[in-house]
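Remarks on the overall topology
Residues per chain, in single letters:
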Amino acid sequence: MINHKHDAKRMGYMLRPRVTALLADAAAHPLSVVLAGAGCGKTVAVHDFAASAGIPFTWTQFSEQDNAGSRFWATFVKNFDGWDEAYLEHCRSIGFPDTEDKLNLHIAMRNRYVPDRRYLYVLDDIHLITNPDILHFFTRAIHAAYASNPIILICRELPGINIEDLQIREVIPTITEDELCFTESELARFFALQGLSVPDHSLRNIYADTKGWAIAVNLIARSLKKSPGYEGYVRVAMKQNIFKMMELESDAVSEKTRRFKIRLSLIDHLAADLIDILAEGDTELLADFKRQNAYIRFNSFINAYVIHHLFLEFLQSKQHILTREETDRTYRAAAGWCAKNGFITDALKYYENVGDFEDIVTVLAGLPVQMSYDIAALAADILERASETLADKIEGFAVTRVRILIRIGKWDEALALMRKYEERFMPLDQDDPFRNRTLGMIYYAWGNLRALMSTTDHHYDFDGYYAKMNACLTKATAKRDQYADLPLGFWVSLIGSPAGGAPQAYIDAEMKAVGYVSQCLDGAASGIDTLCQGELNFYQGNFKEAETLITLSLREARENKLCEVEHKALFYKLRLAILRGDYKDGEDILKEIKTRLGIKCYCNHYFNYDMTLAWYFCALRRPDLVPSWLRERFSPYNHAYYIDNTGNQIKARVHYLQRNFPPLLAYIEDMKGRESILYGRVEMLAMKACVLYQMKKRDAALRSLREAYETAAPNGIITPFIERGKDMRTLASAALRGQGSGIPEAWLNEVKRRSATFAKFQSLMITDYEKVHGRKHKVSLTAREREILKDMYGGFSRSQIAAKQALSENTVNSSVSSIFNKLGARNAVDAVRIAAEEGLV
């Protein structure tokens, strides 16, 4: 928000009590609309009112270009400069929230970092936004801010934002064109303010000709200062063509200023700092531009100039007078500014206009592998239009085309293109650095793609491409930051096959790949192979070996500043802490992960932190504390590599704890028909079996448990069953009691024993958490458990309790175990103490 000195003389709106009163009433409502055609003074009226409204405000001016998600987001974020830096960094890091998960995350983060901050939010020219995702963003944002922050929409027609429910609840004030236009008495006061003496008959004629249309009134006032007498030239000129009046105004400035204004019509951004860049240090030109800006106003709220759309059309009609050198200079300067300020799609378009594909490659190389889809789609079109010869001239051009095709899901095209480039560059001089770096980057992308594809085709040949990469790059210096495309989500291994030995086959290939990549790129993949092996041991239930390997990978990642690998290692250490019920260690690990927030080279920090926190709270059986965006509906399924799938895995756990079973089962069935990481698939299948048993579908539950067993057993995977805790213990017991489950008894006994042990440790961890943070709910004991607990409090032994209550000792033992779990007690003494503290005895 920026304080703005009101210029009452400019249009005189603050001297119009009628319009001021209308806007004051509008701003008193949570949502209002200023709806009028071009030139009615909508923006100026709200602008002048907002400057004196007495509450903080922020202003967003839209153009048609803002229908690109990334461009819109850059505009949105830039307008909040000066707000909480953590909030702004979060906005920059997640990019435009084009999925429901991202949108929920953004709203949650806004509430977290800027709670209860009251301000007036003006959305100017919102009618230009037609992108459904952006409209949905505003629908959600308006509803989220509805209670605390008044919002004014300025538009020529109602935007496609869903506000019907708000309209039903109360009338949304709407200020129309009729209310914005000058009355005859207001015309007289306005002209007087401008120092013009206009006879009554002229006032009547002006009002009859203009109907109080703001832009025409303003044009007439400016013209009357140069040519007194409305009934003469001014009236004829106004009626014939407003453009001619604009031409007259334009002719009054120097040729240099006139050409400068026409140059501005080439681009969509008129930020003050970009105007300075375009002026190239010409202070005289800038001063003249600011003096003569009759139809170009400076909006201090957004620190940018705004050209009236009619005047913009007028300037665009004159673009033919510019030289090619002037046009190219303008596009190039604007492209550089856009790239620096996050308007990536505009930067790409402007660079293409001047044929600067080298800078296009540079811009794209600086984006994360999961760049916004709209950026990737535009880049694909631009690079497709480029000359094929550029691959021979611009380093990185070839791999950039490949990388973009991979991002938009055109994997077959990417493979074909890589084969083409391989044939093209392989015959060149083997000592040519350009040839070696180009092939090295191609082979790196090829290896990454083959690793992704191995999830479904189960061919672990990706290490061969990294070997080729290493052979090329050992002959040429390469930049490590160009090779940082690491898997996202919870899992390090992208293994999809349940076949015996498949995970180890993947790891063997990964070990070779890491050796090649680390050798030629200064440790860029260090620790990934060790973490892969630790991950397999973790899922096989070999927790001691897993911890040793994970700790080693953590050290390697830190030594080589690999934030993503470091986070994954810490995530597994957190799960190990949960498995042994170590509350303090778990809390310390979470604090350590939190310290990584805000690291600029680590673009996924907010995603990873929220999902790790969510996993932790699910383990504590507190889905209510899971970040809100991870408590929403499942997202449309994407490749298991992408962040959406990881979010869905968390949502599955939330649905499970909330016993929201139908959508959970539907998600798991959908997952089974698509590619998925083996470890995550087993986790979901084990969860499904527990769900079905809780739904009292015993036979279906046992069939599902068998399916989970058959998927996990070839590779000794058992941890997903252990982590189901008491629910899996109950299911395993039922399978042992039944006939024909098809699952080995020894395996069921191991799962029963280890899941029971975990259930005990989980209860201890929950108890430790509640000691620090307080208990959410009273412990719920059955009538039998209460009677047994009373006897324990009275000092009776288990055998005495059995005799006293006419129960078998097995029944008493089972009830005591249940009491321990519910109370989080380690032994009978602990249980009695906790029961007394909770008022249960």
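Residues numbered from 1 in each chain as written. Predicted model: local features only at pLDDT ≥ 70, side-chain atom pairs only at ≥ 80, totals over all residues. Heavy atoms only, no water.

1. What to know about the overall build of the protein chain
- When its secondary structure is counted, the protein chain shows 43 helices and seven strands.
- Intrachain contacts of the protein chain at a sequence separation of at least 6 include 71% that bridge at least 24 residues.
- By element, 51% of the accessible surface of the protein chain is carried by carbon and sulfur atoms, the whole surface being about 34600 Å². (Helix = DSSP H or I, 4+ residues; strand = E, 2+ residues; numbered from the N terminus. Contact = heavy atoms within 4.5 Å. Areas by Shrake-Rupley, 256 points an atom, 1.4 Å probe, with all protein chains shown as cover.)

2. Here we look at the side chain of Asp66
- For Asp66, the position within the fold is in the loop between strand E2 (57–61) and helix H4 (69–78).
- Under the relative-accessibility criterion, Asp66 is labelled buried at 1%.
- Of note is the side chain of Asp66, whose polar atom sits 3.0 Å from the side chain of Thr75.
- Ignoring any residue separated from it by four or fewer positions in sequence, one finds Asp66 in contact with Gln61, Arg71, Phe72, Thr75, Ile129 and Ile134. (Buried < 20%, exposed > 50% of the residue type's maximum accessible area, 1.4 Å probe, protein only. Polar contact = N/O pair within 3.5 Å; in protein donor to acceptor, adjacent residues only side chain to side chain.)

3. A few points about helix H34 (residues 661–672)
- The terminal C-alpha atoms of H34, which comprises 12 residues, lie 17 Å apart, in line with the 16 Å expected from a rise of 1.5 Å per residue.
- Of the positions making up H34, those classed as buried are Phe661, Leu664, Leu665, Tyr667, Ile668 and Met671. All buried residues of H34 fall inside an arc of 160° around its axis, so they share one side.
- Tucked inside the fold, the buried residues of H34 contact helix H33 (643–657) and helix H35 (678–694). (Expected span 1.5 Å × (residues − 1). Arc of directions from axis to C-beta.)

4. A closer look at the nonpolar core
- Membership of the largest hydrophobic core comes to 198 residues, with the highest contact counts inside it found for Leu348, Phe397, Tyr616, Leu705 and Phe721.
- It is helix H25 (residues 433–457) that provides the largest number of residues to this core, a total of 12 residues.
- Discounting chain neighbours no more than four positions away, the residues touching Leu348 are Ile360, Val363, Leu364, Ile375, Leu378, Ala379 and Ile382.
- Counting residues in each nonpolar core, the second largest holds 31 residues, with Phe76, Val77, Phe96 and Phe137 among its members. (Core = buried A, V, L, I, M, F, W, Y, C linked by side-chain atoms within 4.5 Å.)

5. Some words on the sheet that holds strand E4 (residues 151–155)
- Reading across the sheet, the five strands line up as E2-E3-E4-E1-E5 and stay open at both edges, with parallel pairing between neighbours. The open sheet terminates on both sides in strands that have one partner only, identified here as E2 and strand E5 (174–176). Strand after strand, the sheet turns through a mean of 15° between neighbouring axes, direction not considered.
- Of the pairings in the sheet, the one linking E2 to strand E3 (residues 120–124) comprises five bridges and is parallel in character. Bridge pairing in E3 places Thr58 opposite Tyr121. (Pairing = 2+ DSSP bridges. Axes fitted to C-alpha atoms, helices over the stretch in contact; angles between N-to-C directions.)

6. Points about unusual backbone geometry
- Here the phi dihedral of Asp125 falls at roughly 60°; this positive angle occurs in a residue that is not glycine.
- Along the polypeptide, Asp125 turns up in the loop between E3 and helix H7 (132–145).
- Owing to a relative accessible area of 15%, Asp125 belongs among the buried residues under this scheme.

7. Here's the deal with the side chain of Ser733
- Looking at the element boundaries, Ser733 is found in helix H38 (residues 725–737).
- One polar contact links the side chain of Ser733 to the main-chain carbonyl oxygen of Arg729, over a distance of 2.9 Å.

8. Description of the packing of aromatic side chains
- According to the stated counting rule, one finds 42 aromatic pairs in the structure shown.
- A centroid spacing of 5.9 Å and a plane angle of 40° characterise the contact between Phe72 and Phe76, whose relative ring orientation is tilted. On the criterion of helical spacing, the pair formed by Phe72 and Phe76 is a turn pair, its members being four residues apart in helix H4. One exposure class covers both Phe72 and Phe76, and it is buried.
- Judged by centre distance (5.3 Å) and plane angle (90°), the rings of Phe571 and Trp615 are edge-to-face. With a gap of 44 residues between them, Phe571 in helix H30 (residues 563–579) and Trp615 in helix H32 (residues 605–619) connect regions that are remote in the sequence. Each member of the pair, Phe571 together with Trp615, is buried.
- Counting every residue linked through ring pairs, the aromatic cluster contains Phe62, Phe72, Trp73, Phe76, Phe96, Tyr121, Phe137 and Phe138.
- Taking the ring centre of Tyr656 as reference, the NZ or CZ of Arg724 above it sits at 4.8 Å. (Phe/Tyr/Trp six-rings, centres within 6.5 Å; stacked < 30°, edge-to-face > 60°. Lys NZ or Arg CZ within 6 Å of the ring centre and 35° of its normal.)

9. Some details on the environment of Cys520
- Tracing the backbone shows Cys520 in helix H27 (residues 502–520).
- Since its relative accessible area comes to 13%, Cys520 is described here as buried.
- Between the C-alpha atom of Cys520 and that of Cys472, which follows or precedes it by 48 residues, the distance is 9.0 Å.
- Beyond its immediate stretch of four places on either side in the chain, Cys520 contacts Met469, Asn470, Leu473 and Thr474.

10. Describing the packing of H30 against H32
- The N-to-C vectors of H30 and H32 enclose an angle of 5°; their axes lie 11 Å apart at closest approach. When the axis of H30 is compared with that of H32, the two are roughly parallel. Side by side, H30 and H32 meet where Glu564, His567, Phe571, Leu574, Arg575 and Ile578 of the first sit next to Asn608, Tyr609, Thr612, Trp615, Tyr616 and Ala619 of the second.
- The residue inventory of the contact of H30 with H32, partitioned by class, reads seven nonpolar, three polar and two charged. (Parallel < 35°, antiparallel > 145°, perpendicular 65-115°, else oblique. Nonpolar A, V, L, I, M, F, W, Y, C, P; charged D, E, K, R; others polar.)

11. Comments concerning the pairing of strand E1 (residues 31–35)
- In terms of burial, E1 is a largely internal element, four of the five residues being buried.
- As judged from the five bridges shared by E1 and E4, these two strands associate in the parallel manner. Paired with Leu35 across the bridge in E4 is Cys155.
- Relative to E5, E1 is paired through three bridges, and the arrangement is parallel. Note that in E5 the partner of Val34 across the bridge is Ile175.

12. Quick word on the pairing of strand E7 (residues 304–307)
- What you see with E7 is no split at all: Ala304 and Val306 on one side and Tyr305 and Ile307 on the other are buried throughout.
- Examined bridge by bridge, strand E6 (residues 296–299) and E7 share four bridges and lie antiparallel to one another. Note on E7: the bridge partner recorded for Arg297 is Val306.

13. Some thoughts on the pattern of salt bridges
- Taken as a whole and assessed by the stated rule, the structure comprises 44 salt bridges.
- For Asp66, the salt bridge goes to Arg71, with nearest N and O atoms at 2.9 Å.
- Among the ionic pairs, Asp624 bridges to Arg622, the shortest N-O distance being 2.9 Å.
- Through salt bridges that share partners, Glu384, Glu388, Asp392, Arg401, Lys420 and Arg424 make up one connected network. (Salt bridge = Lys/Arg side-chain N within 4 Å of Asp/Glu carboxyl O.)

14. Looking at the state of the cysteines
- Per the stated rule, a full pass over the model turns up zero disulfides.
- Cys472 supplies the cysteine sulfur nearest to Cys520, a cysteine that is in no disulfide, at a spacing of 9.4 Å. (Disulfide = S-S within 2.5 Å.)

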